[in-house]
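Inside the fold
Single-letter residue listing:
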Amino acid sequence: MDKREFLKTSGAMLATTLLSKLTPAQTTPESRTNWAGNYTYSTNNLDEASTVDNVVHLVRSHSHLKPLGARHSFNGIADSTVDQISLKHLDQIELDAKAKTVTVGAGVTYGQLAPYIDNRGFAVHNLASLPHISVVGACATATHGSGNNNGNLSTAVRAMEIVTANGEVVIFSRERLGDKFQGTVVGLGALGVITKITLNVQPRFQMTQMVYEDLPFSQLEHHLNEVFASGYSVSIFTDWQNQRATQVWIKRRVEEDVHTDSKEPFYGAKPATRNLHPLAGHSAENCTEQMGVPGPWYERLPHFRMNYTPSSGAELQSEYFVPRDKGYAAILAVEQLRDHITPHLFITEFRTIAADDLWISPCYQRPSMTLHFTWKPQWPEVKRVLPLIEEKLAPFGVRPHWAKLFTMPSARLRSQYAKMPAYREIIDQYDPGRKFRNEFIDRNIYGI
């Protein structure tokens, strides 16, 4: 299984430098998959737009289509049986230092955005573990990052430019929409084609990262909050063996960091003596710098370096959100399934995220903890395990990550979102002809 290692990377340049670019609005004939290779899109038609006018033309000339980002979703959220539109050529970045905002095109990834704004003195508040995801796609699916006091990536959204179903270019913002804006930020691609997105930024900052090994689960019974509060962003990894977390990654802002030289145990876990990969025994060369070495925020918040690209394929991902105050109970519940989980698992990661007010965010009105599973590429077996995990987490009001693999009944999923009826009203308002609907939206949002 060496070729199927968790997030195996290579020193190759980003895929856009390896593949010849298509001309704007050109259609590709070959079958296409997401980045992991586990999902084949239902249409071979992919139109590429290089300008907003291209997007307007494509939206007006198609009866059905879906926007496609960096292809980091593991399910059919961006699928279409008719046509998809790629926005990777919309790669402009405009920083407004006075307003403390940055506006980026729909093709921009966090790996492109972060060094650009850092060089100009700014940062975003949070990043996911991988920097290769698109800003628009991450925000539209409530992808989250980590930190007790950090909202998910969507909470930085100030405004969006969207081409709606009739081909009109509309600015969505809190100033224009009021409280209804909270129902559009995590839009799941159902409101139209986002061409630009504006984020709040803050002054750039430096961070350190320390890693500890072998944290007993028993310590989490009484100290889960303290462990997750020990840094700006904290991740706990486990293979579900021996009733312990294999590693704890603590990322601190430099002004908060008073422990980087400490050799003392951390709640029973011992400090690492070298840089580590989340999977024991694997090279850490593609991981962000550890051992308390200060560096820019964007070189510490992700787990993996920006100049490395994850290989396509080789893994599946699922993730479940539970209330943070139920985190330890949720861990114990899932631990009962360890013999079902571990044969198909690379690693599990626990994180925390602050509550937000975004209607379809899994963190809506509750501080959350996630249980993230990176699976071996064994979908038939994983598909049998997921319902077992979901049943164990059902008593905690579990909400799955929208862009990852889950099997929850759609009725149960919708019941976890009090604002779901209001969200459907917004979809119907901006897309009455169902141009941007697909099987994923029909099943999980409408129950069709």
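Residues numbered from 1 in each chain as written. Predicted model: local features only at pLDDT ≥ 70, side-chain atom pairs only at ≥ 80, totals over all residues. Heavy atoms only, no water.

Thoughts on the overall build of the chain
Quick reminder of the rule: In this text, helices come from DSSP runs of H or I with a minimum length of four residues, and strands from runs of E with a minimum of two, each type numbered from the N-terminal end. This radius of gyration counts C-alpha atoms alone. The globule rule is 2.2 Å times how many residues there are, raised to the power 0.38. Exposure is judged per residue with a 1.4 Å probe applied to protein chains only, and the accessible area is read against the type maximum: over 50% gives exposed, under 20% gives buried, and values in between give partly exposed. Here a residue-residue contact requires only that any non-hydrogen atoms of the pair lie within 4.5 Å. Residue burial considers only the protein chains on display, and all accessible areas are found by Shrake-Rupley using a 1.4 Å probe.
Helix and strand content of the chain: twelve helices and 21 strands. The globule rule puts the C-alpha radius of gyration for 448 residues at 22 Å, and the 21 Å found for the chain is close to it. Seen through its C-alpha atoms, the chain measures out along the principal axes to roughly 65 × 45 × 45 Å. Counting only residues that meet the buried cut, the chain has 59% of its 448 residues in that class. Expressed as a percentage of contacts within the chain between residues at least 6 apart in sequence, the contacts between residues at least 24 apart total 72%. When the accessible surface of the chain is totalled, it reaches about 17,700 Å², and 48% of it is carbon and sulfur.

So, the pattern of salt bridges
Put simply, the rule reads: Definition used for salt bridges: Asp or Glu carboxyl oxygen within 4 Å of a side-chain nitrogen of Lys or Arg.
Counted according to the given criterion, the structure contains eleven salt bridges. With a closest N to O distance of 2.7 Å, Glu255 and Arg253 form a salt bridge. Using a relative accessible area of 55% as the deciding quantity, one classes Glu255 as exposed. Residue Glu349 is joined to Arg351 by a salt bridge in which the shortest nitrogen-to-oxygen separation is 2.8 Å. On the basis of relative accessible area, Arg351 is assigned to the buried category, the value being 6%. One salt-bridge network, in which partners are shared between bridges, spans Asp214, Asp239, Arg244 and Lys270.

Looking at the sheet that holds strand 8 (residues 157-163)
Formally: What makes two strands pair is DSSP finding at least two bridges between them. Angular values range over 0 to 180 degrees, each being the angle between N-to-C directions of two axes fitted as lines to C-alpha atoms, with helices fitted over their stretch in contact.
Across the sheet, five strands lie side by side as 5-6-10-8-9; this open sheet has antiparallel pairing. Two strands bound the open sheet, and with one partner strand each, they are strand 5 (93-96) and strand 9 (169-173). Taking each pair of neighbouring strands and ignoring which way they run, the sheet shows an average axis angle of 15°. Pairing between strand 8 and strand 10 (residues 193-200): six bridges, direction antiparallel. Residue pairing across strands places Met160 opposite Ile197, the latter belonging to strand 10. Of the strands in this sheet, strand 8, strand 9 and strand 10 are in contact with helix 2 (residues 52-61), which crosses strand 8 at around 55°.

With respect to the packing of helix 6 (residues 217-228) against helix 7 (residues 327-335)
For any two helices packed against each other, the geometry comes down to the angle between their axes and how far apart the axes lie. Quick note on the threshold: In these notes the angle categories are as follows: under 35 degrees is roughly parallel, over 145 is roughly antiparallel, 65 to 115 is roughly perpendicular, and the rest is oblique. Gly falls in the polar group here, along with every residue not listed as nonpolar (Ala, Val, Leu, Ile, Met, Phe, Trp, Tyr, Cys, Pro) or charged (Asp, Glu, Lys, Arg).
Where helix 6 contacts helix 7, the two axes come as close as 9 Å, and the packing angle between them is 155°. One finds that helix 6 runs roughly antiparallel with respect to helix 7. Of the residues in helix 7, those touching helix 6 at Phe217, Ser218, Leu220, Glu221 and Leu224 are Gly327, Tyr328, Ile331 and Glu335. In terms of residue class, the contact of helix 6 with helix 7 is built from five nonpolar, two polar and two charged.

Quick notes on the environment of Ala280
Looking at the element boundaries, Ala280 is found in the loop between strand 15 (270-271) and strand 16 (295-296). With relative accessibility at 72%, the residue Ala280 sits in the exposed group.

With respect to the nonpolar core
The condition is simple: To form a nonpolar core, buried Ala, Val, Leu, Ile, Met, Phe, Trp, Tyr and Cys residues must be joined to one another through side-chain atoms within 4.5 Å.
Core analysis: the biggest nonpolar cluster contains 131 residues, and Leu113 and Trp297 have the highest contact counts within it. Among all residues touching Leu113, those that are not within four sequence positions of it are Ile93, Val102, Val104, Val108, Val124, Val135 and Leu199.

As for the confidence of the model for the chain
Note the following rule: pLDDT expresses how confident the predictor is about each individual residue, on a scale running from 0 to 100.
Scored by pLDDT, the chain has a mean of 90; 90% of the residues are at 70 or more. Counted against residues more than four places away or in other chains, residues 1-29, with its pLDDT under 50, gives 64 contacts.

A short note on the side chain of Asn34
Applied cut-off: Two N or O atoms count as a polar contact when they lie within 3.5 Å, although within protein this holds only if one can serve as hydrogen donor and the other as acceptor, and sequence-adjacent residues are included solely when both atoms are side-chain atoms.
Tracing the sequence through the fold places Asn34 in the loop between helix 1 (15-18) and strand 2 (46-48). For Asn34, a relative accessible area of 1% translates into the label buried. Within polar-contact distance, the side chain of Asn34 engages the backbone nitrogen of Gly37 at 3.0 Å. Here the side chain of Asn34 touches Asn38 through a polar contact of 2.7 Å, side chain to side chain. Apart from residues no more than four positions distant in its own chain, Asn34 is found in contact with Tyr39, Tyr41, Arg71, Ser73 and Phe74.

Things to note about the pairing of strand 14 (residues 244-253)
Counting buried positions over the ten residues of strand 14 gives ten, a clear majority of the element. As paired elements, strand 13 (residues 233-238) and strand 14 share five bridges and run antiparallel to each other. Bridging across to strand 14, Ser233 finds its partner in Lys251. Following strand 13, the chain reverses through five residues before pairing antiparallel with strand 14; Trp240 in that reversal takes a positive phi of roughly 70°.

Brief notes about helix 6
Short version of the rule: The span expected for a helix works out to 1.5 Å for each residue beyond the first. To be clear, the arc concerns the directions from the helix axis to the C-beta atoms.
If you check helix 6, its first and last C-alpha atoms are just 13 Å apart, much less than what twelve residues at 1.5 Å a residue would give, namely 16 Å. Three or more residues of helix 6 are buried, namely Phe217, Leu220, Leu224, Val227 and Phe228. Buried residues along helix 6 cover an arc of 95° about the axis, so they all sit on one side.

Thoughts on the sheet that holds strand 2
If you walk across this open sheet you meet the three strands as 2-4-3, and the pairing is parallel. Strands with a single pairing partner mark the edges of an open sheet, and in this sheet they are strand 2 and strand 3 (66-68). In this sheet, neighbouring strand axes are inclined to one another by 35° on average, regardless of whether the strands run parallel or antiparallel. Pairing of strand 3 with strand 4 (residues 84-86) involves three bridges; the strand directions are parallel.

A short note on the pairing of strand 9
Examined bridge by bridge, strand 8 and strand 9 share five bridges and lie antiparallel to one another. Within strand 9, the residue paired with Val163 across the bridge is Val169. Taking the residues between adjacent antiparallel strands as the criterion, strand 8 and strand 9 are bridged by five residues, where Gly167 takes a positive phi near 85°.

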